[in-house]
Structure formats: C-alpha cells, structure tokens
Amino acid sequence: MKDVIIIGGGPAGILCAAAIKENAKEMVNVTIVERLEKMGKKILATGNGKCNFTNKNLSPRRYNNPKFVTPTLSTYGHKEIVEYLESIGLLSKEISEGRMYPYTESATTVLEVMRMHLNRLGVNVKTNYEVNKVVEKNGRYLVYNKNQRNYYLECDYLVFACGGASAPVLGSNGSGYGLLKPFKVKVTDIYPGLVGIKSDITTLKVLNGLRFKCNVSVYEKKTKSCVWIEYGEVQFKGDGISGIVVMEASTFMARHQGNYVINLDLMPEASLDDTIRMLNIRKELFESSEVLNLLTGMLPKMLGQVILKKASIDMNSYIKNLTKANIVKIAGLIKAFPLDVKGDYGFERSQVTVGGVSLTEVDNETLEIRKMPNAYVCGEMIDIDGECGGYNMQWALASGYLVGKKISESINENA
C-alpha cells in the first residue's frame, strides 16, 4: 500500500484526496494534514459565504497564464466540476453572469458534502498539524509537525495544497513556500491580489459607504498612459476603494509593479464635450442657485460636492458666476476623477495571491514538481491567479483533482 500526504485541507487538497481514493482505492492510504483546527475554512468564506465555485464563462484567458492552465481546464472545466460535485451530492445553480453556486446558496453545504465524501472514501484528516519541515529520505518524504517535536508522517507521494498568503486567518499564510526552499524550488515574489486599493483619505472620507458604477482606468504615472480599463461598481471606503472592478485592477497592478494613478470616469456614456454641454445647460437651469447644487440630479450629492471642491470652486458662490474654465474643469473631473494609489489592504483582506511557485518548476500536464519526484503542487500555491467570478475556486478544484488522478494512475501503473 502506498501512502499519500496532502498538505492543506482547502478545496484543492480535498478534491485531490477524493480523486486518489476514488481511483486507487485500497491500494493507497491518503492523509490530509491541516494546520487549523478545522479544514475548509476558506471554502466557507468564498463568494461572501455563498461559495461561487465556478463559472460557465470559464476560459484559460481568465487567468494570468492561459497556456499553463489549458491542460488542466480542458480536462476539468466548469461542466466537469459541476457534474462531479453533483455526483457526490451537491446540487448547484447559476445566479448571475455565469457564476455557479450551491443550490442552498450556502458555502457550509459545499464543505459538508465534501467532508461526507472524504469520510465515505476513508480519507484520514489530521487537523492542528502545522507542517514546518519536509525532508526527503530513501525516496520517501517525511512531513514534520511543528506542534509535536520530532513527530512526522511518512509518504510515497506528497502534495502541496497549502494555498497562497491571502486571508491567513482562513488557513493559507504563505508558509507552504518555505517548505520548498530546501529543494531549491523557485518561488516568485508574492503580492495581494483581488484586494481593495488605498488612496487619499482626505478626498474619500466623506464618500465612505457610497457605491457607484463607472469606468475604472489605471494610468502609469511616468508615461501618463492608460494600461488597464474596465467598467463596474466602485465601493468607496473612508481610506480607499473596493468592489470587483477595483479588485481586478489591483491584481493587474500587483502583477505589473509600478507607480500608478486610478482615474474614475463617472459618466462613461458621455464624451467630455457632451459633459460640458450638460453642465452649461444646468448652469442656465440653476443659475440663481448655489454652486453646491450644480451636480444635483446628475451625481450622488456627496460625490458631486467632492468634485466641486477638487475643482477649487467657491461653494458659497452662485452657479451663474461659473466661468467657462470652471465648467471645463468640472467636466474634466467627472470624466477623469484621479485617485493616487497609496497601497492596498494587504494579504489579510485579499482574495488571491499574485505570484507563487514558479511555473518553470512545474509540469503543467501533471503539476508534478520537476525537482521533487512524486511531489506535486496545486491550487493557489502555484503562480496562477484568475479573475473574480469563481475562476480561482475552479482552478483550485480542477488542479487538485488533476493531481489526484495523476497520483492514482502512477500507483495503479506501479502496483
């Protein structure tokens, strides 16, 4: 009988364990080791607790390296994942934009079904097992537990499903990368991805809680050229901005390190000239009113007042006194409201890790680590990240299952 140890009890680790036991059955002993007191905590937080686990619009182009993910996703795409989860007892449904959720719209259901399946298969789960060292000895791997001095488990096959460094309270704290150092496996620099962006607190404090749909553009400070643009809802924080479109922008900036400014086009349907014309019409309509009312009915009240202040308009003056230059400046800010990027909210509040185990270190057909025979890596720990919408969960599930299949095939071939 062969022994397999999977480090990490997240979605990748769980499906990896299931695939191994389903296909190698009594020829293998599978153990998941999880550093927290319970496995699957990240599953519970996915999709705001509803667990958006895949998307009907799945495509390799949704990821930072389409070529690398293609072999995995062509075998275990969105349809295969939905059908597999249904085969183990989980019903699902599409809610919006191709996003697939459990029928109950509860992430707890997903984890319960997975746990039941692992129990049926006879997978061992050891919690509070924080791996602090991996040693190769006589063709096997020794996996040491930090919480028990000199205690280790041995295995013939080893899987790193440790996750990245995002949301450490949910299990993945970046410690998995350190386990690979003795084996000289290259790990790229890592950054928080799909995370809110910090900006000027003096500008944003009064907008805290506001949600507004607009075009979000990322500009390079030095060249002043637009390098990324997308439409979506921006959520204003007291010291920054968030929302899906902002998180997508954060991932782009993390992967392309540089100095950036974000511009918000608050009226993407109108050109600059159209906006100037609208403002001139409003100037005539509201000429006897105070300046602070110029944008009433056009933009949210507080957002409008922030724009006027940024345009250095005297708020105690009257609209009829606005000059042509005033109107052009206000219109320019509506079309390109600038926010300096001061940083992000860190790994603690990010949804995915940008960077990880270098793709040059991994066989993309099997996800075996080239420098470690019979050792594999899957999920977020690899330098793969996808867009919002269930794509990162899809990668975790698909890559985990692929590794499990490859290990079971190896066991069966060598039986």
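Here the structure is shown first, and the text comes after it.
My aim in this report is to walk through the structure given alongside it, one point at a time. (Residues numbered from 1 in each chain as written. Predicted model: local features only at pLDDT ≥ 70, side-chain atom pairs only at ≥ 80, totals over all residues. Heavy atoms only, no water.)

### Observations concerning the sheet that holds strand 8 (residues 140-145)
Argument step 1. Strand order in the open sheet formed by three strands is 7-8-9, with antiparallel pairing between adjacent strands. Looking at the sheet topology across the chains shown, the edges are occupied by strand 7 (131-137) and strand 9 (152-155). Adjacent strand axes in the sheet meet at a mean angle of 20° when their direction is disregarded.
Argument step 2. Pairing between strand 8 and strand 9: four bridges, direction antiparallel. Within strand 9, the position partnered with V143 by the bridge is L153. (Pairing = 2+ DSSP bridges. Helix = DSSP H or I, 4+ residues; strand = E, 2+ residues; numbered from the N terminus. Axes fitted to C-alpha atoms, helices over the stretch in contact; angles between N-to-C directions.)

### Examining helix 8 (residues 244-255)
Argument step 1. Over its 12 residues, helix 8 extends 17 Å from the first C-alpha to the last, a length consistent with the 16 Å expected when each residue adds 1.5 Å.
Argument step 2. Burial runs high along helix 8: 10 of the 12 residues are buried. (Expected span 1.5 Å × (residues − 1). Buried < 20%, exposed > 50% of the residue type's maximum accessible area, 1.4 Å probe, protein only.)

### Comments concerning the packing of helix 3 (residues 66-75) against helix 12 (residues 391-413)
Argument step 1. For the pair helix 3 and helix 12, the least separation of the axes is 9 Å and the interaxial angle reads 70°. When the axis of helix 3 is compared with that of helix 12, the two are roughly perpendicular. Once helix 3 is placed against helix 12, the crossing between them reads as left-handed. For the pair helix 3 and helix 12, the contacting residues are F68, V69, T72 and L73 in the first and Q394, W395, A398, S399 and L402 in the second. (Parallel < 35°, antiparallel > 145°, perpendicular 65-115°, else oblique. Left-handed = near helix turned anticlockwise from the far one by under 90°. Contact = heavy atoms within 4.5 Å.)

### Examining the pattern of salt bridges
Argument step 1. Scanning the model with the defined rule gives 17 salt bridges in all.
Argument step 2. With a shortest N-O distance of 3.4 Å, K50 and E105 are connected by a salt bridge. Placement of K50 in the loop between helix 2 (41-45) and strand 3 (54-55) and of E105 in the loop between strand 5 (99-102) and helix 5 (107-121) is noted, with a sequence separation of 55 residues between them.
Argument step 3. Its salt-bridge partner being D385, residue R255 comes within 2.3 Å of it at the nearest N-O pair. With a gap of 130 residues between them, R255 in helix 8 and D385 in the loop between strand 20 (375-377) and helix 12 connect regions that are remote in the sequence.
Argument step 4. By relative accessible area, R255 is classed as partly exposed at 29%.
Argument step 5. For D385, a relative accessible area of 3% translates into the label buried. (Salt bridge = Lys/Arg side-chain N within 4 Å of Asp/Glu carboxyl O.)

### Some remarks on the pairing of strand 10 (residues 157-160)
Argument step 1. Burial along strand 10 is two-sided: Y157 and V159 and L158 and F160, pointing in opposite directions, are all buried.
Argument step 2. Summarising the sheet, strand 1 (residues 2-7) and strand 10 pair through four bridges and their orientation is parallel. Bridging across to strand 10, V4 finds its partner in Y157.
Argument step 3. Across three bridges, strand 10 lies against strand 20 in parallel orientation. Bridged to V159 within strand 20 is Y376.

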